[in-house]
Amino acid sequence: QVQLVESGGGSVQAGGSLRLSCVASVRTSTSDVMGWFRQAPGKDREFVATIKWSPYYADSVKGRFTISLDPAKNTVYLQMNNLKPEDTGVYYCAAGRTYIATRPDEYDYWGQGTQVTVSS
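A.B. asks: Explain the sheet that holds strand E1 (residues 4-7) to me, please; I cannot follow it from the model alone.
C.D. replies: The strands that make up a sheet pair up through hydrogen bonds in the backbone, lying either parallel or antiparallel. Read from one edge to the other, the open sheet built from four strands follows the order E1-E3-E8-E7, with strand pairing classed as antiparallel. Edge positions in the open sheet fall to E1 and strand E7 (65-70), since each of these has one partner strand only. When strand polarity is set aside, the average angle formed by the axes of neighbouring strands in this sheet is 15°.

Written out as structure tokens, the structure reads:
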């Protein structure tokens, strides 16, 4: 069983930056694709970014967010710059086996989520 623990959320003003981290208890062949999703109140969970050999981003965050992976630490990061109010939501880390996967049902393991709030 893979456990994922996110950290790094918080409240910032528009234009600010945050860095999210997600530590996996173990990485296996069925969980070596890491992704980030977000969910705003009343909305569906939305794909943000994923990485295995190289990163892949949603159009809405391309050029502002950077996903990176440290295999030695079993940790995936999401650097978020130039944040906008529409980036507000709970950010979830996920792990799975399919690359490139942009749907939540393509991931097998999920973290508990971390809140990101961007004020205008």
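Now, onward.
A.B. asks: Before we go on, may I ask you to explain unusual backbone geometry in this structure?
C.D. replies: Most peptide bonds are trans, and most residues other than glycine sit at a negative phi. Cis geometry is adopted by the peptide bond preceding Ile 100, which originates at Tyr 99 and carries an omega value of 10°. On the secondary structure map, Ile 100 appears in the loop between strand E9 (89-96) and strand E10 (107-110). Residues other than glycine seldom take positive phi values, yet Asn 82 does so here, at roughly 50°. You can see Asn 82 is positioned in the loop between strand E8 (75-80) and E9.

A.B. asks: Hey, could you run me through the packing of aromatic side chains in this one?
C.D. replies: Aromatic ring pairs are reported here in terms of the distance separating the ring centres and the angle at which the planes meet. Under the defined criterion, the tally for this structure stands at seven aromatic pairs. Ring centres of Phe 37 and Phe 47 lie 5.7 Å apart, and the angle between their planes is 75°; on these two criteria the pair is classed as edge-to-face. Taken together, the residues Phe 37 in strand E4 (residues 33-39) and Phe 47 in strand E5 (residues 46-51) connect sequence positions 10 residues apart. According to the relative accessible area criterion, Phe 37 is buried, its value standing at 0%. Look at Phe 37 and Tyr 107: their rings are 5.2 Å apart centre to centre, the planes differ by 80°, and that puts the pair in the edge-to-face class. Residue Phe 37 is found in strand E4, and its partner Tyr 107 is found in strand E10; the two are separated by 70 residues along the sequence. Summarising the burial analysis for this pair, Phe 37 and Tyr 107 share the class buried. Among the aromatic residues, those joined into a ring-pair cluster are Phe 37, Phe 47, Tyr 56, Tyr 92, Tyr 107 and Trp 110. Lying across the ring of Tyr 77, Arg 19 places its NZ or CZ 4.0 Å from the centre. Geometry around Trp 110 places Arg 45 over its ring, the cationic atom sitting 4.8 Å from the centre.

Scoring rules and cut-offs
- Residues numbered from 1 in each chain as written.
- Predicted model: local features only at pLDDT ≥ 70, side-chain atom pairs only at ≥ 80, totals over all residues.
- Heavy atoms only, no water.
- Pairing = 2+ DSSP bridges.
- Helix = DSSP H or I, 4+ residues; strand = E, 2+ residues; numbered from the N terminus.
- Axes fitted to C-alpha atoms, helices over the stretch in contact; angles between N-to-C directions.
- Phe/Tyr/Trp six-rings, centres within 6.5 Å; stacked < 30°, edge-to-face > 60°.
- Buried < 20%, exposed > 50% of the residue type's maximum accessible area, 1.4 Å probe, protein only.
- Lys NZ or Arg CZ within 6 Å of the ring centre and 35° of its normal.

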